[in-house]
Every structure is written in structure tokens, then in C-alpha cells.
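Structure at a glance
Read off the chains here:
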Amino acid sequence: MIITKSIAVLIAGLIPACAQTGSILQPEQVSYVQNGAATLRVFVEGSGPAIVLLPGQGRGPRDFDELAKNLVSAGYRVVRPEPRGFGESVGPVEGITLRENASDVAMAIEKVGAAPAIVVGQAYGNRVARMIASERPEIVRGVVLIAAGGKYPPKPEVLATLRQVQDRSLPLDKRAEAARLVLYGPKSTISVAEMHLDEVSATTIKAQSLSPTVPIDAWWSGGKAPILLLQGLHDVIAPPENGRSLQREYPNRVTLVEFEDLGHSMARERPDLVATAIVSWTKKLK
């Protein structure tokens with residue numbers, strides 16, 4: 001089933017109801033989880049069914065602050081592991097593959113008592129989520145993929161613009177202008193401050209190499225888990241054909257929701273829409 005703009009509008013109308021069903025907000029808790037030579041800091045807040053949030057390459061858990069607030073308000077327990085090399089999470093990063101990154105998150109899920117969890121992955125995090133679902137299906141209740149790439153790459157000119165976004169030698173306003181072109185939709189009103197352009201760890205990027213050390217067939221299917229795929233039609237980094245391809249391959253367990261005006265960083269652009277879509281889908285799971 002493909003859900004497009006008309007349903008996305010309907011989802012938007014459900015936002016107030018989603019926010020009103022939540023429990024009283026609880027203080028965020030911090031845990032430290034050991035996985036071999038790595039120690040991960042994990043943020044946990046709220047109560048109810050567990051949702052794990054995994055950010056994009058080199059990014060940290062604060063990317064999901066607004067999304068987490070929406071989900072906690074809707075009555076969920078939100079778990080945000082900090083990846084290796086970011087903040088207080090430490091461990092070897094050289095030669096680390098997607099499989100080790102997935103193992104880190106799987107350990108965090110178990111140690112904080114979140115299994116079985118809904119695992120939400122944005123960009124690079126979508127690969128981690130699918131790897132966990134493929135290799136540790138017993139701890140995954142369902143998978144949500146946001147801006148999910150893997151098979152259909154961005155155009156070379158898009159990658160060139162993305163490098164401008166990441167180039168700290170350039171003026172901030174020039175980088176923000178580039179970010180609007182490749183990360184956000186045409187109607188976005190996000191401010192430069194809200195983009196958090198410099199909240200990226202070069203060390204974490206090393207630990208999250210996109211080299212094909214782990215073949216795509218090992219994670220692409222997401223095991224046998226039910227999948228919600230949220231796609232912005234203005235996403236030029238993870239083109240929509242990625243999501244459509246996955247839905248065609250697994251029509252009985254992949255629900256595709258496309259948002260006409262959103263881009264790659266849709267979870268930061270419209271966390272309210274993303275949260276409501278997740279809540280609506282999660283309530284239908286067995």
C-alpha cells in the first residue's frame with residue numbers, strides 16, 4: 001500500500017489528538033551500556049511501548065529532540081543511544097562496520113529493557129535499524145525508516161552541494177543556503193540555528209563508513225519485520241525510488257507514506273508529522 005499526499009494531510013489533522021493522548025512527561029534518564037570495547041551513553045525518557053531513535057551519519061541523539069517530545073507526549077518510552085565517537089560514547093572506530101553499529105544498538109535495547117522495540121532509523125540510521133531487524137528479530141517489534149536510501153544514490157551535483165554544507169571553512173550562511181537545497185523541502189521555514197549544522201562528529205563518521213563491507217543483501221529487507229517508510233518527495237539525498245523499490249519488493253509488510261513538500265531532514269523539518277505517522281502505524285501493530 002502506498003499512502004501519498006491526501007493521507008499525509010489526514011495524518012496532519014490527527015496531530016492534536018496524538019499530543020493529547022500522552023502521559024505526564026518524565027525526566028530524561030541516562031544509562032551507560034557496555035558492548036565489548038565500546039561504552040555507549042543512552043538517553044531514555046517517557047513510559048509505554050519503546051521506540052528507539054537512530055540518527056543519520058555522524059549525528060547524535062539531539063537531532064531527535066522535537067520528535068522525542070512528540071512521541072513521549074503520545075505515551076511512548078523513547079530510547080536514544082549515542083553512537084560511538086559522539087558525546088560520551090567511546091570505543092574503537094577504525095574498521096567498524098554496519099554490523100558492529102547494529103550490535104551496539106541491540107545491546108542498548110536489551111540493557112535498558114526496551115525489547116521488543118520499534119526501531120526508527122533516519123538516513124544512515126535506517127541501515128542500522130534494518131540490520132538489527134535482520135540479525136536480532138526477537139528484539140524488534142517493527143521498523144520505521146526515514147529518508148531511507150541504499151540502492152538509488154543521489155546525483156553528483158547533490159553530493160557536491162552536501163559537501164558545502166559540511167565544509168566548516170565556508171561562511172555559515174552559505175552552508176545554510178546549501179542545506180536548504182539538499183536537506184529541506186521548498187516550503188521549509190527552518191532557521192539556521194535549528195539546522196544544527198555543526199552537531200556532527202568526524203569520529204562517528206569514521207565508525208559509520210558507507211563502504212560495502214557488509215553487503216546490502218544483509219540488511220536491505222529488514223528481516224521479516226513490519227516496516228513503515230516515511231519519504232519526503234523532495235529528498236534528493238535518498239531519492240524516493242529507494243522507498244518505492246522496497247515497498248514493491250515487500251508489499252505485505254511495508255507501508256509507504258510520502259510527503260510532497262518534505263526533504264531529507266524531514267524529522268527536523270516536521271517532527272509533528274513524523275511523530276503522528278509513527279503513532280498511527282504503531283497502534284495497528286499486533
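First, a word on scope: everything that follows refers to the structure included in this document. Remember, predicted model here, so these are calculated numbers, not experimental data.

Observations regarding helix α6 (residues 156-166)
- Three or more residues of α6 are buried, namely V158, T161, L162 and V165. Across the axial projection of α6, the buried residues extend over an arc of 105°, all falling on one side. Across from the buried face of α6, at angles greater than 90 degrees, the exposed residues are P156 and R163.
- Residues of α6 that are buried in the fold lie against α7 (172-182).

With respect to helix α5 (residues 124-135)
- When the terminal C-alpha atoms of α5 are compared, their 17 Å separation across 12 residues agrees well with the 16 Å that a helix rising 1.5 Å per residue should span.
- For α5, the buried fraction is high: 10 of the 12 residues fall into the buried class.
- All of the buried residues along α5 are Y124, G125, N126, R127, V128, A129, R130, M131, I132 and A133.
- Packing partners of the buried residues in α5 comprise β4 (50-54), α4 (98-111), β6 (117-122), β7 (140-146), α9 (202-207) and α10 (241-249).

Some thoughts on the pattern of salt bridges
- By the definition in use, this model includes 21 salt bridges.
- Among the salt bridges present, the one from K69 reaches E66, with a minimum N-O distance of 3.3 Å. One end of the pair is K69 and the other is E66, both in helix α3 (residues 65-73) and three residues apart, which spans about a single turn.
- Relative accessible area serves as the criterion here: at 47%, K69 is assigned to the partly exposed category.
- One salt bridge in this structure joins D198 and R168, with 3.5 Å as the shortest N-O distance. With D198 in the loop between α8 (192-195) and α9 and R168 in the loop between α6 and α7, this residue pair connects regions lying 30 residues apart in the sequence.
- Relative accessible area serves as the criterion here: at 39%, D198 is assigned to the partly exposed category.
- Residues joined in a network through salt bridges with shared partners are E28, E45, R62, D65 and R80.

Basis of the calculations
Throughout, a residue's number is its position along its own chain's written sequence, starting from 1. Reporting in this predicted model follows two pLDDT cut-offs: at least 70 for local features of residues, and 80 or more for side-chain atom pairs to be given and counted; totals over whole chains, interfaces and linings ignore these cut-offs and use all residues. Note that the side-chain values use all heavy atoms of the structure and ignore hydrogens as well as water. The buried label applies to any residue whose accessible area, calculated with a 1.4 Å probe on protein chains only, is under 20% of its type's maximum; exposed applies above 50%, and partly exposed to all values in between. Starting at the N terminus, helices and strands are each numbered in turn, a helix being any DSSP run of H or I of at least four residues and a strand any DSSP run of E of at least two. Taken from the helix axis, the directions to the C-beta atoms give the arc we talk about. Residue contacts are defined here by distance: any two heavy atoms, one from each residue, within 4.5 Å place the two residues in contact. One less than the residue count of a helix, multiplied by 1.5 Å, gives the span that helix is expected to have. When a carboxyl oxygen of Asp or Glu lies within 4 Å of a side-chain nitrogen of Lys or Arg, that pair is called a salt bridge.

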